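Chain by chain, the residues run as shown.
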Amino acid sequence: MDISVVIPLLNEEESLSELHAWIKRVMSENSFSYEIIFVDDGSTDHSWNVICDLKKADNNIKAIRFRRNYGKSPALHCAFKRAEGDVIITMDADLQDSPDEIPDLYKKIKEEGFDLVSGWKKKRYDPLSKTIPTKLFNATARKVSGVMLHDFNCGLKSYRKDVVKNIEIYNDMHRYVPYLAKIAGFSKIGEKEVQHRARKYGKSKFGLSRFVNGYLDLLTLWFLSVFGRKPMHFFGLWGSVMFFLGLLAAVAVGASKLYAISKGIPHPLVTNSPYFYIALTMMILGTQLFLAGFLGEIVSRNSSDRNDYKIEEEL
């Protein structure tokens, strides 16, 4: 099979028939063998009924329906497990992504050798309240991940099959699929400028909170990629540094007191010095960080996937 088109959706009953017809036309014009995987992420409208009707007329359709709304990442994860195409293409169901981009996205994977190609909506039809935070978010993601993409959050992407079978998308990590692919060892990541269409039906399902959550997810992903298998390298190092700095400060406070006593110089109680409490706090925090690293190391060593390494080829 040439292409699997993965479409997560939530309450998009108005656009599904038009989107399906558009994809079908593009596939027919280019003689692609294909499947369309709809993932209904807990819709409360008639989206599932529309999908069922489309399925009756087109055997190329597969569909998954969640009992409740889990989010875009679980939808992609479940669809990727079932995808059979050599190239997997994801797009949103709101008609803001154009299926006419599919042939070029397919060629960049099959002919140009990319592992993943992300769409770049250079010209957007979103308000400034959305575009400005998006630019800041993408700049931060580029800096932290080292993946030089203009638009991490674009739903229109194409993947080599091996990529989607070797990454795990969870929580809200769909924003960072290129970063996840890089961590898994897929380095040929590119982008293609794509058309951004104005929303035709309904309204956006994402609020400004996604930017806050996006930064927290990026921090989590960075930490796990660097220290996920070696937590002691982070917690142990900084715990030790804080403990010994606190210990040196405590020794300095005590030595100052002993020196004053030996010389008969009046000196306040050690417990009256703010440096004593700073030293004590640093020693306690250092001990806690060290123990956190030690416990994290135990969890890591007993994890079922501690030796789950991605092997590209075997002879």
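Computed from a predicted structure; not experimentally measured. (Residues numbered from 1 in each chain as written. Predicted model: local features only at pLDDT ≥ 70, side-chain atom pairs only at ≥ 80, totals over all residues. Heavy atoms only, no water.)

A. A nonpolar patch on the surface, seen in detail. Together, Leu 237, Trp 238, Val 241, Leu 245 and Leu 248 make up a nonpolar patch on the protein surface, roughly 490 Å² of accessible area in all. By the element assignment, Leu 245 lies in helix H9 (residues 231–262). Take Leu 245: its relative accessible area is 46%, and that puts it in the partly exposed class. (Patch = residues over 30% accessible without salt bridge, like charges linked within 9 Å, V, L, I, M, F, W, Y side chains within 5 Å. Areas by Shrake-Rupley, 256 points an atom, 1.4 Å probe, with all protein chains shown as cover. Salt bridge = Lys/Arg side-chain N within 4 Å of Asp/Glu carboxyl O. Helix = DSSP H or I, 4+ residues; strand = E, 2+ residues; numbered from the N terminus. Buried < 20%, exposed > 50% of the residue type's maximum accessible area, 1.4 Å probe, protein only.)

B. Representation of the sheet that holds strand E5 (residues 116–120) in the model. Spatial ordering of the open sheet is given by E3-E2-E1-E4-E6-E5-E7, a layout of 7 strands whose pairing is mixed. Two strands close off the open sheet at either side, each with one partner strand: strand E3 (61–65) and strand E7 (189–193). Each neighbouring strand pair of the sheet contributes to a mean axis angle of 20 degrees, computed without reference to strand direction. Where E5 meets strand E6 (residues 157–160), 3 bridges bridge the pair, whose relative direction is antiparallel. The residue bridging Ser 118 from the neighbouring strand is Lys 157, located in E6. The strands touched by helix H2 (residues 47–57) are strand E1 (3–9), strand E2 (34–40) and E3; relative to E3, the strand with the most contacts, the crossing angle is about 155 degrees. (Pairing = 2+ DSSP bridges. Axes fitted to C-alpha atoms, helices over the stretch in contact; angles between N-to-C directions. Contact = heavy atoms within 4.5 Å.)

C. Examining the confidence of the model for the chain more closely. Summary statistics for the chain give a mean pLDDT of 83 and a share of 85% for residues scoring 70 or more. For the chain, the element scoring lowest by mean pLDDT is helix H8 (residues 209–227), at 68; strand E4 (residues 87–90) scores highest, at 97. Taken as a whole, residues 309–315 scores under 50 in pLDDT and shows 3 contacts with residues more than four places along the chain or in a different chain. (pLDDT = per-residue confidence, 0-100.)

D. Representation of H9 in the model. Its 32 residues give H9 an end-to-end C-alpha distance of 46 Å, which sits within 8% of 46 Å, the value for a rise of 1.5 Å per residue. Residues of H9 that are buried include every one of Pro 231, Gly 236, Gly 239, Gly 246, Val 253, Lys 257 and Ala 260, and no others. Downstream of H9 by a residue or two, Gly 264 has a phi angle that is positive, lying close to 70 degrees. (Expected span 1.5 Å × (residues − 1).)

E. Up close: the packing of aromatic side chains. Evaluation of the coordinates by the stated rule reveals 6 aromatic pairs. Centroid distance Phe 80 to Tyr 159: 5.5 Å. Interplanar angle 65 degrees. Geometry classified as edge-to-face. Here Phe 80, found in helix H3 (residues 72–82), pairs with Tyr 159, found in strand E6; they are 79 residues apart in sequence, far enough to count as distant. The interplanar angle of 80 degrees and the centroid separation of 5.2 Å between the aromatic rings of Phe 276 and Tyr 277 together place this pair among those described as edge-to-face. Phe 276 gets classed as partly exposed once you look at its relative accessible area, which sits at 24%. (Phe/Tyr/Trp six-rings, centres within 6.5 Å; stacked < 30°, edge-to-face > 60°.)

F. Spatial organisation of the environment of Ser 145. Take Ser 145: it is sitting in helix H5 (residues 128–145). The exposure class assigned to Ser 145 is buried, which follows from its relative accessible area of 4%. Sequence separation between Ser 145 and Lys 182 is 37 residues, and the spatial gap between their C-alpha atoms is 8.7 Å. At 3.1 Å, the side chain of Ser 145 and the backbone nitrogen of Val 147 are in polar contact. (Polar contact = N/O pair within 3.5 Å; in protein donor to acceptor, adjacent residues only side chain to side chain.)

G. Structural context of the pairing of E5. Along E5, 5 of the 5 residues are buried, which leaves the element largely enclosed by surrounding structure. Side chains Leu 116, Ser 118 and Trp 120 of E5 all project onto a buried face; the interleaved residues Val 117 and Gly 119 project onto the opposite face, where all are buried too. With 5 bridges joining them, E5 and E7 adopt parallel strand pairing. Opposite Gly 119, over in E7, you have Lys 192 as the bridge partner.

H. Quick look at the nonpolar core. Judged by nonpolar contacts, the single largest core of 34 residues is most densely connected at Phe 80, Tyr 159, Ile 169 and Tyr 176. Secondary structure elements with two or more residues in this core: E2, H3, H5, helix H6 (161–165), helix H7 (177–183) and H8. Here the element with the most residues in this core is H3; it accounts for 5 residues. Discounting chain neighbours no more than four positions away, the residues touching Phe 80 are Val 6, Ile 88, Thr 90, Tyr 159, Val 164, Lys 165 and Ile 169. (Core = buried A, V, L, I, M, F, W, Y, C linked by side-chain atoms within 4.5 Å.)

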